[in-house]
Amino acid sequence: MQLTVEFGGGLELLCDSVKIHNVNVNVPNGAEKLTMRDFLTWVRQNLIKERPEMFIKGDTVRPGILVLVNDCDWELSGQLETTLEEKDVVVFISTLHGG
């Protein structure tokens, strides 16, 4: 499944400073669909190059990270249970900044 993943607000530093990634993600074995829960695991294993604890806490993103799926806040679409489809755009933006 082809997806576009974007990192902003400083999160791109965890991915070798690359903001936009066009990726191909396989649906997990035995699953009918790709959920954000599975996708976050894939992102951590394949895109995050350093300090994964700054991105993931437990099985979800850390507090302070805004997640958009096709420009819609994932909190409105089911968070970890949000189903991803071909050509979806997933954006992660850190809302926390140092001073």
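Residues numbered from 1 in each chain as written. Predicted model: local features only at pLDDT ≥ 70, side-chain atom pairs only at ≥ 80, totals over all residues. Heavy atoms only, no water.

For the chain, an unreviewed UniProt entry supplies the name Ubiquitin-related modifier 1 homolog and the organism Trapa incisa. Per UniProt, the comment on the chain under Subcellular location (unreviewed entry) is "Cytoplasm". What UniProt records for the chain under Pathway (unreviewed entry) is the sentence "tRNA modification; 5-methoxycarbonylmethyl-2-thiouridine-tRNA biosynthesis." (UniProt positions renumbered as here; feature names shortened; annotations may be inferred.)

(A) Representation of the overall build of the chain in the model. Scanning the chain from N- to C-terminus turns up one helix and nine strands. When the elements of the chain are put in sequence order from the N terminus, they spell out β-β-β-α-β-β-β-β-β-β. Taking 2.2 N^0.38 as the reference for a compact globule, 99 residues should give roughly 13 Å; the C-alpha atoms of the chain span a radius of gyration of 13 Å, in line with that estimate. Across its three principal directions, the C-alpha atoms of the chain cover 45 × 25 × 25 Å. Burial analysis of the chain (99 residues in total) assigns 38% to the buried set. The long-range share in the chain, meaning contacts at least 24 apart out of those at least 6 apart in sequence, stands at 58%. A distance of 6 Å separates the average location of the 9 positive side-chain charges in the chain from that of its 15 negative side-chain charges. (Helix = DSSP H or I, 4+ residues; strand = E, 2+ residues; numbered from the N terminus. Rg over C-alpha atoms; globule rule 2.2 N^0.38 Å. Buried < 20%, exposed > 50% of the residue type's maximum accessible area, 1.4 Å probe, protein only. Contact = heavy atoms within 4.5 Å. Lys, Arg positive; Asp, Glu negative; His and termini not counted. Charge placed at Lys NZ, Arg CZ, Asp CG, Glu CD.)

(B) Quick peek at helix 1 (residues 36-46). If you check which residues of helix 1 are buried, you get Met36, Phe39, Leu40, Trp42 and Val43. For helix 1, the arc enclosing every buried residue in end-on projection is 160°, short of the 170-degree limit, so these residues lie on one face. (Arc of directions from axis to C-beta.)

(C) A look at the pattern of salt bridges. Tallied over the full model, the rule gives three salt bridges. With a closest N to O distance of 3.8 Å, Arg51 and Glu53 form a salt bridge. Within the structure, one salt-bridge network assembled from shared partners comprises Arg37, Asp59 and Glu81. (Salt bridge = Lys/Arg side-chain N within 4 Å of Asp/Glu carboxyl O.)

(D) Looking closely at the pairing of strand 6 (residues 65-69). The buried fraction of strand 6 amounts to four of the five residues, a majority that puts the element mostly inside the structure. Pairing analysis gives five bridges linking strand 6 to strand 9 (residues 89-94), with the strands arranged antiparallel. Of the residues in strand 9, the one forming a bridge with Leu68 is Val91. (Pairing = 2+ DSSP bridges.)

(E) Summary view of the sheet that holds strand 1 (residues 2-8). Strand order in this open sheet of five strands is 2-1-9-6-7, and the pairing throughout is mixed. The open sheet has two free edges, formed respectively by strand 2 (20-24) and strand 7 (72-73), since each of these has just one partner strand. Across the sheet, helix 1 is in contact with strand 1, strand 2, strand 6 and strand 9; its angle to strand 9 comes to roughly 65°. (Axes fitted to C-alpha atoms, helices over the stretch in contact; angles between N-to-C directions.)

(F) Representation of the environment of Asp73 within the structure. Its location among the elements puts Asp73 in strand 7. Residue classification places Asp73 among the partly exposed residues on the basis of a relative accessible area of 25%. Apart from the residues lying within four places of it in its own chain, the contact partners of Asp73 are Leu66, Val67 and Leu68. One polar contact links the side chain of Asp73 to the main-chain amide nitrogen of Glu75, over a distance of 2.9 Å. (Polar contact = N/O pair within 3.5 Å; in protein donor to acceptor, adjacent residues only side chain to side chain.)

(G) A look at the side chain of Thr82. Mapping Thr82 onto the fold places it in the loop between strand 7 and strand 8 (83-84). A polar atom in the side chain of Thr82 sits 2.9 Å from the backbone oxygen of Gln79. Filtering out sequence-adjacent residues up to four positions away, Thr82 remains in contact with Leu34, Thr35, Met36, Val69, Trp74 and Ser77.

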